[in-house]
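Geometric and topological summary
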Amino acid sequence: MPKRRMKVFSLKNIPNFLSTGRILASPVLMYLIWSGNEAVFTWLLIASLISDFLDGYIARMFKLETALGARLDSTGDMATYICAIVGILRFQSDVIFPNIIPLLFVVAFYALEAIYSLLKYKKISSFHTILTKVTAYSQDIFIITLFVFGFYAPFFYYVVGISIIAYIEEMLIITILPENQSNVGGLFRVLKNRNNNK
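Residues numbered from 1 in each chain as written. Predicted model: local features only at pLDDT ≥ 70, side-chain atom pairs only at ≥ 80, totals over all residues. Heavy atoms only, no water.

One broad rule of soluble globular proteins: the nonpolar side chains tend to lie buried together. Judged by nonpolar contacts, the single largest core of 24 residues is most densely connected at Phe41, Leu45, Ile88, Phe142, Ile143 and Phe147. Listed by contribution, the elements that provide at least two residues to this core are helix H2 (14-35), helix H3 (38-61), helix H4 (67-91), helix H6 (100-121), helix H7 (130-148) and helix H8 (153-176). With residues near it in sequence (within four places) discarded, Phe142 still touches Phe151, Phe155, Phe156 and Val159. Counting eight residues, the second largest nonpolar core, distinct from the first, contains Tyr121, Phe127, Ile174 and Leu187. (Core = buried A, V, L, I, M, F, W, Y, C linked by side-chain atoms within 4.5 Å. Buried < 20%, exposed > 50% of the residue type's maximum accessible area, 1.4 Å probe, protein only. Helix = DSSP H or I, 4+ residues; strand = E, 2+ residues; numbered from the N terminus. Contact = heavy atoms within 4.5 Å.)

Have a look at this one:
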């Protein structure tokens, strides 16, 4: 029995626990938005975003990357970002509504990539490209600084630009790859591997 407990709580499961925690936190975040509790929402959202960095860092540092972990991470990311966007519209409307069109472009490209993946793979993609990782960290930093320090337009437009480019890259990868894969590196690596396999 003690051995089984140690196995359940082994290091290799920590990234999956963190991703699952983000998924479970999403309904709570939505309730906090509905109830108007900005302070608790902000700190729970920050904790979720930090866990997004930690699960990926731990998985890469200790070589614990798995297909299941990638799917959980992608699902947790989607759930967290949906809550973040709804929370921004609820609590930061005074600064976001004047800049709503660029934000809608980001949401549209994100939705298009998700729909394309669902149509082709019957699941959300989990490519975890280098550009997507940089984009995710940039988005996390923007969201945290928005709620803690306020809106900074140049960084907002940087995040908009890199997000759209990342989602376009993912749609191109979906077009090329017949099956969903994890940790593919990026579009150029996918093209290189395809040419090498010809």
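Right, picking up where we left off after that structure.
Let us look at a nonpolar patch on the surface. Taken together, the side chains of Ile50, Phe53, Leu54, Tyr57, Met61 and Phe62 present a nonpolar region at the surface, about 560 Å² in accessible area. Mapped onto the elements, Met61 comes out in helix H3. On the basis of relative accessible area, Met61 is assigned to the partly exposed category, the value being 46%. (Patch = residues over 30% accessible without salt bridge, like charges linked within 9 Å, V, L, I, M, F, W, Y side chains within 5 Å. Areas by Shrake-Rupley, 256 points an atom, 1.4 Å probe, with all protein chains shown as cover. Salt bridge = Lys/Arg side-chain N within 4 Å of Asp/Glu carboxyl O.)

This paragraph deals with unusual backbone geometry. At Lys122, a position not held by glycine, the phi torsion is positive, near 65°. Within the secondary structure, Lys122 is located in the loop between H6 and H7. Its identity as a non-glycine residue notwithstanding, His128 has a phi of 50°, on the positive side. Its place among the elements puts His128 in the loop between H6 and H7. Residue His128 is classed as buried on the basis of its relative accessible area, which comes to 16%.

Time to look at the packing of H2 against H4. Axis separation between H2 and H4 bottoms out at 8 Å; the angle between their running directions is 20°. Comparing their axes, H4 and H2 come out roughly parallel. Here H2 runs over H4; the crossing is left-handed. Here the contact of H2 with H4 is composed, by residue class, of 13 nonpolar, nine polar and four charged. (Axes fitted to C-alpha atoms, helices over the stretch in contact; angles between N-to-C directions. Parallel < 35°, antiparallel > 145°, perpendicular 65-115°, else oblique. Left-handed = near helix turned anticlockwise from the far one by under 90°. Nonpolar A, V, L, I, M, F, W, Y, C, P; charged D, E, K, R; others polar.)

Right, let's talk about the packing of aromatic side chains for a bit. Overall, the coordinates contain twelve aromatic pairs when judged by the stated rule. Seen in terms of ring centroids, Phe142 and Phe155 are 6.4 Å apart; in terms of plane orientation they differ by 40°. Their pairing is tilted. Highlighted residues: Phe142 in helix H7 and Phe155 in helix H8, separated in sequence by 13 residues. Taking 5.3 Å as the distance between ring centres and 55° as the angle between the ring planes, the aromatic pair formed by Phe151 and Phe156 counts as tilted. In this structure Phe151 comes out as partly exposed when scored by relative accessible area, which is 25%. In textbook terms, an aromatic cluster arises when at least three aromatic residues are bridged by ring pairs, as seen for Phe142, Phe151, Phe155, Phe156, Tyr157 and Tyr158. (Phe/Tyr/Trp six-rings, centres within 6.5 Å; stacked < 30°, edge-to-face > 60°.)

Take the confidence of the model for the chain next. Chain-level pLDDT for the chain is 88 on average; 93% of the residues reach the 70-or-more range. Of all secondary-structure elements in the chain, the lowest mean pLDDT belongs to helix H1 (residues 2-8), at 49, while H8 reaches the highest, 96. (pLDDT = per-residue confidence, 0-100.)

Turning to the pattern of salt bridges, a few remarks are in order. Tallied over the entire structure, the rule returns four salt bridges. A salt bridge links Asp52 to Arg22; its shortest N-O distance comes to 3.6 Å. Of the two residues, Asp52 is situated in helix H3 and Arg22 in helix H2; the sequence distance between them amounts to 30 residues. Residue Arg22 is classed as buried on the basis of its relative accessible area, which comes to 2%. Through salt bridges with shared partners, a single network forms among Arg22, Asp52, Asp55, Asp73 and Asp77.

Here we take up the side chain of Thr132. Relative to the elements of secondary structure, Thr132 occurs in helix H7. Among the polar contacts made by the side chain of Thr132, one reaches the side chain of Thr129 at a distance of 2.6 Å. Of the polar contacts made by the side chain of Thr132, one reaches the side chain of Glu170; its length is 3.0 Å. (Polar contact = N/O pair within 3.5 Å; in protein donor to acceptor, adjacent residues only side chain to side chain.)

On to the environment of Phe142. Residue Phe142 is classed as buried on the basis of its relative accessible area, which comes to 6%. Considered as a pair, Phe142 and Leu18 are 124 residues apart in the sequence and their alpha carbons are 21 Å apart.

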